[in-house]
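Inside the fold
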Amino acid sequence: HILVHWVPLVEQARLAGVVAVFHDITDIRNLEKVRRDFVANVSHELRTPVAVIQGYAETLLSGALDTDPERRDRFLGIIHAHAQRLTNLIGDLLTLSELESGVIKLDLERVTVEAAVRQTFLLLEQKAEAKGIAMEYRGGKEAVLADRGRIEQVLINLLDNAVKYSREGGKVEVSTAREGEMVRILVQDTGIGIPEKELARLFERFYRVDQARSREEGGTGLGLSIVKHIIQAHGGAISVQSNPGEGSVFSFTLRTGGN
Ligand code: ADP
């Protein structure tokens, strides 16, 4: 989109000519669209669980299930799950807006990659075991200069995805590589993989390859954009490689914290 501005050139009170100034407003338009889409997406994502909670709560309140405790408990379970979804979504939205407004301060310290990864394994152990997925650390002893809490948030998101988008009996591995002043951390899975044409948009807010599957797994579609923001705030970069049906590798860099 080009906006054309005609500017008269006046010399000694006489019109000496006209200059056309071209402004490329494509970026501004795109930004506006991104913002509008974001608001629409948020509204949609919030409305669904609220509608479910309202519907099931009304049924319970009407007394229709007073004589059927089993169904009543099932309905309460559904209400609880959707309330949890809302909690996750609101938490992710707050994190994202904090990161985007640039107000977060990183509390940089020397973080041993192995310790941070093993800590995250503990949080996901149950979920992985339930699917028969093995998680393994095969990296080195590198340390990075990073905000420990934020980096654990990155690892939780990536490892949680690796487990979520894997089949029963899969494998998730974390490894490291030194690249000059940076350390690369690789999170590899043997999961469903991601088609090539989806890779470019993967880090966008609310972008999901398979909406239904993501929701079923309790995903918000915001995890990877949060991850990308955190890594960029640290001066690192994140990328992904994938083979559909074979698995994916998400890898990111952080400044080395010395040995
Ligand atoms: P979600 O909450 O949906 O998991 P994310 O932002 O974390 O949102 O990820 C965006 C989408 O990227 C997911 O919905 C999924 O389609 C895809 N994805 C992320 N990680 C993986 C992975 N390890 N294997 C396959 N697909 C993945």
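The written sequence of each chain sets the order in which its residues are numbered from 1. Given that this is a predicted model, residues contribute local features only at a pLDDT of at least 70 and side-chain atom pairs are listed and counted only at 80 or more, while totals for whole chains, interfaces and linings are drawn from all residues. Hydrogens and waters are ignored; side-chain quantities use all the structure's heavy atoms.

In the annotation of an unreviewed UniProt entry, the entry for the protein reads histidine kinase, and the organism field reads Geomesophilobacter sediminis.

Taken together, the 5 strands give an open sheet; going across it, the order is β4-β6-β7-β9-β8, and neighbouring strands pair in mixed fashion. Two strands close off the open sheet at either side, each with one partner strand: β4 (134-137) and β8 (238-243). Ignoring strand direction, the axes of neighbouring strands in this sheet form an average angle of 15 degrees. Relative to strand β9 (residues 247-255), helix α4 (residues 148-164) is tilted by about 170 degrees, and along the sheet it contacts β4, β6 (171-179), β7 (182-189), β8 and β9. Any two strands with at least two DSSP-identified bridges between them are counted as paired. Secondary structure is summarised from DSSP: a helix means a run of H or I of at least four residues, a strand means a run of E of at least two, and numbering begins at the N terminus for each. Every axis in this analysis is a line fitted to C-alpha atoms, fitted for helices over the stretch in contact. Angles between the N-to-C directions lie between 0 and 180 degrees. Contact criterion: two residues are considered in contact whenever any of their non-hydrogen atoms come within 4.5 Å of each other.

Before going further, it helps to examine the pattern of salt bridges. By convention in these notes, a salt bridge is any Lys or Arg side-chain nitrogen within 4 Å of a carboxyl oxygen on Asp or Glu. Throughout the structure, instances matching the rule amount to 18 salt bridges. For Glu98, the salt bridge identified is with Arg150, shortest N-O distance 3.4 Å. Here Glu98, found in helix α2 (residues 69-101), pairs with Arg150, found in helix α4; they are 52 residues apart in sequence, far enough to count as distant. Residue classification places Arg150 among the buried residues on the basis of a relative accessible area of 16%. Overlapping salt bridges bring together Glu136, Arg138, Lys171 and Glu173 as one network. Accessible area is worked out with a 1.4 Å probe on protein chains only. A residue is then buried under 20% of its type maximum, exposed over 50%, and partly exposed in between.

The aromatic pairing rule takes the rings of Phe, Tyr and Trp, using the six-membered ring of Trp, and pairs them if the centres are within 6.5 Å, calling planes under 30 degrees apart stacked, those over 60 edge-to-face and the rest tilted. Enumeration according to the criterion identifies 3 aromatic pairs in this entry. Between the aromatic rings of Tyr56 and Phe75, the centroid separation amounts to 4.6 Å while the plane-to-plane angle is 80 degrees, which identifies the pairing as edge-to-face. One end of the pair, Tyr56, is in helix α1 (residues 26-61); the other, Phe75, is in helix α2, and 19 residues separate them in sequence. In this structure Tyr56 comes out as partly exposed when scored by relative accessible area, which is 26%. Taken together, a centroid distance of 6.3 Å and an interplanar angle of 75 degrees make the contact between Phe203 and Phe250 edge-to-face. One end of the pair, Phe203, is in the loop between α5 (196-199) and α6 (211-216); the other, Phe250, is in strand β9, with 47 residues separating them in the sequence. For the pair Phe203 and Phe250, one class covers both residues: buried. Either the NZ atom of lysine or the CZ atom of arginine qualifies as a charge over a ring when it sits within 6 Å of the ring centre and within 35 degrees of the ring normal. When the ring centre of Phe38 is taken as origin, the NZ or CZ atom of Arg205, which lies over that ring, is 4.0 Å away.

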